[in-house]
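Breakdown of the fold
The lines below spell out each chain.
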Number of protein chains: 2
Amino acid sequence: MERNIKKLVILGSTGSVGTQTLDIVRAFPDCFEVIGLCNGFNTPLFKVQLDEFKPKYFSTLGDIESGYGGAKAAPAEEIVAMPEVDIVVAATVGCVGMPASISALKAGKTLGLANKEVIVMSGNLLIETAREGGATILPIDSEPSAIWQCLEGEVSEPSRLIITASGGAFRDRTWASLDDVTPDQALKHPTWTMGAKITIDSATLMNKAFEVIESRWLFEIPFEQIDVTIHRQSIVHSMVEFADGTLKAQLGPTSMGQPIQHALFYPSRKPNSDLPKLDAVTMGSLTFEEMDQSLYPCFELALEYGKRSGTYSAALAGADEGAVELFLNGKIKFTQIPDLVSETLAAHTSIADPSIDDTIEAARWATETTLARHNHSTILS
Amino acid sequence: MERNIKKLVILGSTGSVGTQTLDIVRAFPDCFEVIGLCNGFNTPLFKVQLDEFKPKYFSTLGDIESGYGGAKAAPAEEIVAMPEVDIVVAATVGCVGMPASISALKAGKTLGLANKEVIVMSGNLLIETAREGGATILPIDSEPSAIWQCLEGEVSEPSRLIITASGGAFRDRTWASLDDVTPDQALKHPTWTMGAKITIDSATLMNKAFEVIESRWLFEIPFEQIDVTIHRQSIVHSMVEFADGTLKAQLGPTSMGQPIQHALFYPSRKPNSDLPKLDAVTMGSLTFEEMDQSLYPCFELALEYGKRSGTYSAALAGADEGAVELFLNGKIKFTQIPDLVSETLAAHTSIADPSIDDTIEAARWATETTLARHNHSTILS
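Residues numbered from 1 in each chain as written. Chains lettered and ligands numbered in written order. Predicted model: local features only at pLDDT ≥ 70, side-chain atom pairs only at ≥ 80, totals over all residues. Heavy atoms only, no water.

1. Considering the overall build of chain A
Along its length, chain A carries 15 helices and 12 strands. Taken over the C-alpha trace, chain A has a radius of gyration of 20 Å; the compact-globule value for 381 residues is 21 Å, and the two agree within 12%. Across its three principal axes, chain A shows a C-alpha extent of roughly 60 × 50 × 40 Å. Considering only contacts within chain A whose residues lie at least 6 apart along the sequence, 69% involve residues at least 24 apart. Total accessible area computed for chain A in this model is approximately 14,200 Å², and 50% of it derives from carbon and sulfur atoms. Across chain A, 30 positive and 49 negative side-chain charges occur, with their mean positions spaced 4 Å apart. (Helix = DSSP H or I, 4+ residues; strand = E, 2+ residues; numbered from the N terminus. Rg over C-alpha atoms; globule rule 2.2 N^0.38 Å. Contact = heavy atoms within 4.5 Å. Areas by Shrake-Rupley, 256 points an atom, 1.4 Å probe, with all protein chains shown as cover. Lys, Arg positive; Asp, Glu negative; His and termini not counted. Charge placed at Lys NZ, Arg CZ, Asp CG, Glu CD.)

2. Describing the pairing of strand E11 (residues 247-251) of chain A
All names here are of chain A. Counting buried residues along E11, 5 of its 5 residues qualify, which places the element largely inside the surrounding structure. Sheet topology places strand E10 (residues 236-242) next to E11; 5 bridges connect them, and they run antiparallel. Opposite Val240, over in E11, you have Lys248 as the bridge partner. The turn linking E10 back onto E11 is made up of 4 residues, and Gly245 within it adopts a positive phi angle of 90°. (Buried < 20%, exposed > 50% of the residue type's maximum accessible area, 1.4 Å probe, protein only. Pairing = 2+ DSSP bridges.)

3. Concerning the relation of the copies chain B and chain A
Rotating chain B by 180° and moving it 0.0 Å along the rotation axis overlays it on chain A with an RMSD of 0.0 Å. The transformation just described matches what one would write down for a two-fold rotation axis. Every residue of chain B has its C-alpha some distance from the rotation axis, and the shortest such distance is that of Gly153 of chain B, at 1.9 Å. Most of the interface of chain B is mirrored in chain A: 100% of its interface residues are interface residues there too. (Least-squares fit on C-alpha atoms with pLDDT ≥ 70 in both.)

4. Observations regarding the packing of helix H7 (residues 142-151) of chain B against helix H11 (residues 257-265) of chain B
Residues and elements named next belong to chain B. Relative orientation of the contacting elements H7 and H11 amounts to 50°, with a least axis distance of 9 Å. Between H7 and H11, the crossing angle belongs to the class labelled oblique. Seen from above, H7 lies across H11 with left-handed handedness. Across from Ser142, Ser145, Trp148 and Gln149 in H7, the residues of H11 making contact are Pro259, His262 and Ala263. Each residue belonging to the contact of H7 with H11 can be placed in one class, and the counts come to 3 nonpolar, 4 polar and no charged. (Axes fitted to C-alpha atoms, helices over the stretch in contact; angles between N-to-C directions. Parallel < 35°, antiparallel > 145°, perpendicular 65-115°, else oblique. Left-handed = near helix turned anticlockwise from the far one by under 90°. Nonpolar A, V, L, I, M, F, W, Y, C, P; charged D, E, K, R; others polar.)

5. Some remarks on the layout of surface pockets
By rolling a water-sized probe across the atoms, one finds the places where empty space is left. All names here are of chain B. Volume-wise, the second largest pocket comes out at about 950 Å³. Mapped onto the lining of the second largest pocket, the elements with two or more residues apiece are strand E2 (32-39), strand E3 (57-60), helix H3 (76-79), helix H4 (98-106), helix H9 (196-204), helix H13 (312-328) and helix H15 (356-375). Element by element, the count of residues in the lining of the second largest pocket is highest for H15, at 5 residues. For the lining of the second largest pocket, the class distribution of residues is 19 nonpolar, 13 polar and 5 charged. Lining the lining of the second largest pocket are residues from two domains, each supplying at least three of them: domain 1 (6-140) and domain 2 (150-253 + 292-376). (1 Å grid on protein atoms, 1.4 Å probe; cavity = no way out; pocket = protein on both sides within 12 Å on 5 of 7 lines; lining within 4 Å. Points joined across faces, edges and corners; volume = space filled by probe spheres on them. Domains from an automatic or database assignment.)

6. Re the packing of H4 of chain B against helix H6 (residues 123-133) of chain B
Residue and element names in this part refer to chain B. Closest axis-to-axis distance for the H4/H6 pair is 7 Å, and the angle between their directions is 30°. Accordingly, the angle class assigned to the pair H4 and H6 is roughly parallel. Contacts from Met98, Ile102, Leu105 and Lys106 in H4 reach Leu126, Thr129, Ala130 and Gly133 in H6. Along the lines of polarity and charge, the residues of the contact of H4 with H6 split into 5 nonpolar, 2 polar and 1 charged.

7. Section: the domain arrangement of chain A
All names here are of chain A. The domain architecture assigned to chain A consists of domain 1 (6-140) and domain 2 (150-253 + 292-376). With 22 residues of domain 1 in contact, the opposing surface of domain 2 contributes 27 residues. With both chains or domains summed, domain 1 and domain 2 bury close to 1,900 Å², and 72% of this area falls on carbon and sulfur atoms. For domain 1, the biggest contributors to the area lost against domain 2 are Lys116, Val120 and Met121; these three give 33% of the whole. Applying the counting rule to domain 1 against domain 2 returns 3 salt bridges. Joining domain 1 to domain 2, the criterion identifies 8 residue pairs in polar contact (both at pLDDT 80 or more). (Buried area = accessible area lost by both parts, 1.4 Å probe. Salt bridge = Lys/Arg side-chain N within 4 Å of Asp/Glu carboxyl O. Polar contact = N/O pair within 3.5 Å; in protein donor to acceptor, adjacent residues only side chain to side chain.)

8. Describing the side chain of Asn115 of chain A
Residues and elements named next belong to chain A. Along the chain, Asn115 turns up in the loop between strand E6 (110-113) and helix H5 (116-121). Judged by its relative accessible area of 0%, Asn115 falls in the buried class. Side chain to side chain, Asn115 and Thr92 meet in a polar contact 2.7 Å long. Leave out the neighbours within four places in its chain, and Asn115 touches Ala90, Thr92, Val93, Gly94 and Gly97.

9. Regarding the interface of chain B and chain A
In this assembly, 49 residues from chain B lie in contact with 49 residues from chain A. Here chain B and chain A share an interface that buries about 3,800 Å² over both sides, 55% of which is from carbon and sulfur atoms. The largest contributions to the chain B side of the interface with chain A come from Asp244, Arg269 and Val281 of chain B, which together make up 20% of the buried area. Inspection of the region where chain B meets chain A yields 6 salt bridges. In this structure, Arg269 of chain B and Glu154 of chain A form a salt bridge, with 2.7 Å as the shortest nitrogen-oxygen distance. Across the chain B-chain A interface, the total number found is 21 residue pairs in polar contact (both at pLDDT 80 or more). Looking at the side of chain B that touches chain A, the elements with two or more residues in it are H7, strand E8 (158-165), strand E9 (226-230), strand E10 (236-242), strand E11 (247-251), H11 and strand E12 (284-290) of chain B. Counting residues per element, the side of chain B that touches chain A draws most heavily on E12 of chain B, which supplies 7 residues. In the side of chain B that touches chain A, the residues fall into 20 nonpolar, 16 polar and 13 charged. The pairing of strand E12 (residues 284-290) of chain A with E12 of chain B spans 5 bridges and is classified as antiparallel.

10. Comments concerning the packing of aromatic side chains
What the rule picks out here adds up to 16 aromatic pairs over all chains. With a centroid separation of 5.2 Å and an interplanar angle of 55°, the aromatic rings of Phe32 of chain A and Phe265 of chain A are classed as tilted. In this pair, Phe32 of chain A is assigned in strand E2 (residues 32-38) and Phe265 of chain A in helix H11 (residues 257-265), connecting sequence segments 233 residues apart. Residue Phe32 of chain A is classed as buried on the basis of its relative accessible area of 7%. Ring pairing ties together the aromatic residues Phe170, Trp175, Phe327 and Phe334 of chain A, which thus form one cluster. Directly above the ring of Trp217 of chain B sits Arg216 of chain B, whose terminal nitrogen or CZ lies 3.9 Å from the centroid. Taking NZ or CZ as reference, Arg308 of chain B lies 4.8 Å from the ring centre of Tyr312 of chain B, over its face. (Phe/Tyr/Trp six-rings, centres within 6.5 Å; stacked < 30°, edge-to-face > 60°. Lys NZ or Arg CZ within 6 Å of the ring centre and 35° of its normal.)

11. Section: H11 of chain B
Residue and element names in this part refer to chain B. Of all the 9 residues making up H11, 9 are buried; the element is thus mostly covered by neighbouring parts of the structure. What H11 keeps buried is the set Gly257, Gln258, Pro259, Ile260, Gln261, His262, Ala263, Leu264 and Phe265. Tucked inside the fold, the buried residues of H11 contact strand E1 (6-11), helix H1 (16-27), E2, strand E5 (87-90), strand E7 (136-139) and H7.

Printed below as a string of structure tokens:
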């Protein structure tokens, strides 16, 4: 029995993916032991989680004393590297997840990666660190998870990855018409319920560019072989085309439950009546349309910098984080997000062959520069 | 080099799947050696094939002397079992493909199975024979091939197979309105170009029931876990649902080229510019609707008998063969196909625990009984 129990650490346990990961742990009490929980500032919920799951260790940006509920406070980077840990779920948001993710990979752990900024920041360094550490990265982000599942058991290289995009909250509007949209409007995703940062990134299509960058590194495939299709229903989570013209698609409800559970139980699959189901027999119409990239300035901008070497992609992730924060706080317009990101990137001095620390520093610089830029910006009316 | 060449026999080389198999052999001259070709009565085309591919052996129902083009005449059952043969493609139509398919399995060959009646006739015997002979069956029929591809690399059992159905030539008409349809009308399939027998079976939905029966045996899954969905575009060739609610689908153009090539090259995949391609990014709308089984009497009838043990499913395949022949020859109405099949099956005396010979005999009896039934039938106006 004991040997079947996977020992788990969750980075970002109070967020959307974090709580859904704990839902799965709760549904399979004999399969997982929570070794560590790490969060940011949502202290009330974090205390409830510590009380329920009784981890050995915790890390928080909030104010909780070591020993709370019997758990010892420790830095996240140390918790993930504990010898007893099997799998670390990086459910953090933004660039903050990088140091602990790197620590898990160096320690040879399995890293379930939902926090796409971590791989956007420095894909080649992340993959290299995993390889050197003997670690495995399992995608939890739903599109890369779909691609990973479609590649399972295939011995030949894929010829093309086709990432599906719902088009986000404003898919039926032109960019020019989005000047006055409010954070509340942008947070209404047509198909997915997710955290605030990723929902805004979905509305700008920045998120889709991040998934292209993420997939380029996770699946070690050139950018030229990755396409995006607008699929409004978010049922096909992505597709893979093979050399002979065959395609495979992974489908499911618009729920993070399936990709989280798949990473946790991989390679096996288990029934879970808590998860929503999709009846493929009666699922109606699924549509696939070419994306007009010119409609989405963030998409083009992100790919332009995401393809560059050095610290540009780290600065991209950092700048976007700053710009989204400004928008969510009502400081800039929705349509200023790409402008601010672009200005920060234009001012960035990239470091060739960066270290992990260079990458983290580039992202930090870009977030702060973007946040500061607003203060002397005259764009906002 | 030599060890990479697969040595091939094709049963039914002049038919639709047979000629497409030879197209692939022609596209990859360094990958295959045609050891044997077997056909029925299309002697002119068969001679062209013998001249081009120069097999060592041939078998024909036509009139060609042994030694033609340097090839020796031999029974198909012997050719498939030759020690040098690696893979046998059963591209025959109807029950006639059974003896040579069984012979290939007994000899431990890889059997690429396009001829679905062979497995409908006696699925359990076929699977048992393959197991005893150490043989492998690779589906070529496009829906089972799709399911097989979706199952690749999965370690857990599927929870459900979802077979897609175009709905055939008369998908927008009621059964009652089909009294006067001609063979020419029934042979106009909306999405696939195939041989006559399978195209009529598609119009009656008999073909879809055969695929359900075929999948039940190939994937060793209960009938209750196999569903059919009406998918008018024939782009998703079938789907598999797993325990966690995840689905995988295999997609492609409506071409037999991909499934044939996949069986020939399995497990690897090779580019082939001769094959049609599907652009998933711009593929538009794919629809999935529940099938109203009551609209398709052949579907219900076939599943009723296909689920029974003994020789019922062999008699089903045989009776359908007779009824389709009568319809194609203008002897009965389209809507009489299920009536005749039903009458023959009602008159069938099933043999418990049948041998292969019992199975072949049951199918032969059912075809002849159905053909004879027409002669003293008063149904035809």
